[in-house]
Amino acid sequence: MNQLTFLGTGDAMGVPRVYCDCDVCTEARLMGENKRKRSSVLIDGGDGDGTSEQFMIDCGPDWRSQMEDQGLRMVHTLLITHAHFDHIGGLPEWADACRWLGVKGRLYAPREVIATIQGQFPWLGRHVDFLETDGGIELGGWKVHSWKVCHGHNGYSYAYRLDQGGYSWAYCSDAIDLKTSEKEPLHGLDMLVLGTSFVHELAEFSTRSVYDMREAQELLRELKLGHTYFTHMSHDVDVRQNYNLDQGITIALTGMKVPLGTLKLEMNA
Ligand SMILES: Nc1ccn([C@@H]2O[C@@H]3COP(=O)(O)O[C@H]3[C@H]2O)c(=O)n1
């Protein structure tokens with residue numbers, strides 16, 4: 001059975017934010033329900049049928065501790081959404097692990113993301129094969145499609161849609177203000193992982209880069225899909241609160257596991 005594990009559900013700063021003493025950051029330090037490492041997920045086939053290659057989406061600066069949290073010794077394959085530090089900061093450590101294990105890691109990303117990563121970490125190519133996703137790829141039995149999405153003030157990110165056996169899901173951690181064509185691959189999904197940094201972000205729109213929960217719910221009402229998990233959450237989100245989110249939405253928690261492809265989830269509409 002395929003499953004997705006949330007390795008981290010935080011925004012670029014993680015929770016607690018290093019400089020912050022707000023209630024959420026304080027709770028994260030003292031108890032830890034709101035403790036959030038930088039966003040990434042693990043996809044695990046685990047059924048030994050040869051189509052179940054394990055891979056991660058994104059490799060932020062918490063990669064090493066996320067591996068320890070899960071008791072994982074190595075993941076050989078990564079999909080990267082965009083070349084911002086909170087999504088690629090763990091790549092040098094991952095490449096070092098490839099080196100010490102004597103394996104060549106496989107890093108899949110869109111062509112322009114690969115070029116940026118190679119510019120930032122020029123030594124990675126010794127231990128990593130860079131593989132472009134632009135024309136579509138097959139990974140762990142999934143047909144994988146990447147496309148460019150608006151990341152507001154921060155430029156562009158990419159989202160991934162994965163299809164297998166009539167089940168489809170997508171990972172879209174860093175997006176805002178999606179245009180009609182950017183929403184197209186999200187229609188009719190069984191499951192979506194969507195970034196929502198704030199519950200209601202008050203900053204001026206032109207300075208923002210990720211949906212808030214209010215806007216995300218509007219988007220989801222339009223998309224009419226199965227189940228959605230919110231990730232990439234800042235210290236604005238307190239997981240102890242009930243935000244009265246629409247049916248079919250779950251705030252993802254670190255370590256949460258979601259079965260992929262086994263359940264046809266109920267439609268929201
Ligand atoms: N060119 C850039 C721009 C931004 N960044 C990092 O990505 C984060 C996105 O959210 P933020 O809160 O704006 O902080 C950004 C930088 O850490 C980055 O690594 N490279």
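Residues numbered from 1 in each chain as written. Predicted model: local features only at pLDDT ≥ 70, side-chain atom pairs only at ≥ 80, totals over all residues. Heavy atoms only, no water.

Checked against the element boundaries, P110 lands in the loop between strand 5 (105-109) and helix 5 (111-120). A sequence separation of 80 residues divides P110 from D190, and the C-alpha atoms of the two residues are 24 Å apart. Those residues in contact with P110 that lie beyond four places of it in its chain are I80, T133, D134, S146, Y158 and Y160. (Helix = DSSP H or I, 4+ residues; strand = E, 2+ residues; numbered from the N terminus. Contact = heavy atoms within 4.5 Å.)

Let us now look at the pattern of salt bridges. Counting across every chain of the model gives 18 salt bridges. Residue E201 is joined to R208 by a salt bridge in which the shortest nitrogen-to-oxygen separation is 2.9 Å. Taken individually, E201 and R208 each receive the classification buried, so the pair is uniform in this respect. For D212, the salt bridge is made with R214, and the minimal N-O distance between the two is 3.1 Å. Judged by its relative accessible area of 0%, D212 is buried. Sharing partners across several salt bridges, the network here consists of E201, R208, D212, R214 and E215. (Salt bridge = Lys/Arg side-chain N within 4 Å of Asp/Glu carboxyl O. Buried < 20%, exposed > 50% of the residue type's maximum accessible area, 1.4 Å probe, protein only.)

In total, this model carries four aromatic pairs according to the counting rule given. Consider the rings of F121 and W123, whose centres lie 5.7 Å apart with planes at 75 degrees: the pair is edge-to-face. According to the relative accessible area criterion, F121 is buried, its value standing at 14%. Of the residues examined, W123 reaches a relative accessible area of 33% and is grouped as partly exposed. Here a set of aromatic residues connected by ring pairs shows up, and it is made of W142, Y167 and W169. For the cation-ring pair, R99 lies above W100, with the distance from its terminal atom to the ring centre recorded as 4.5 Å. The ring of Y156 has K148 lying over it, and the distance from NZ or CZ to the ring centre is 4.9 Å. (Phe/Tyr/Trp six-rings, centres within 6.5 Å; stacked < 30°, edge-to-face > 60°. Lys NZ or Arg CZ within 6 Å of the ring centre and 35° of its normal.)

Purely spatial values, then, with no claim about function.
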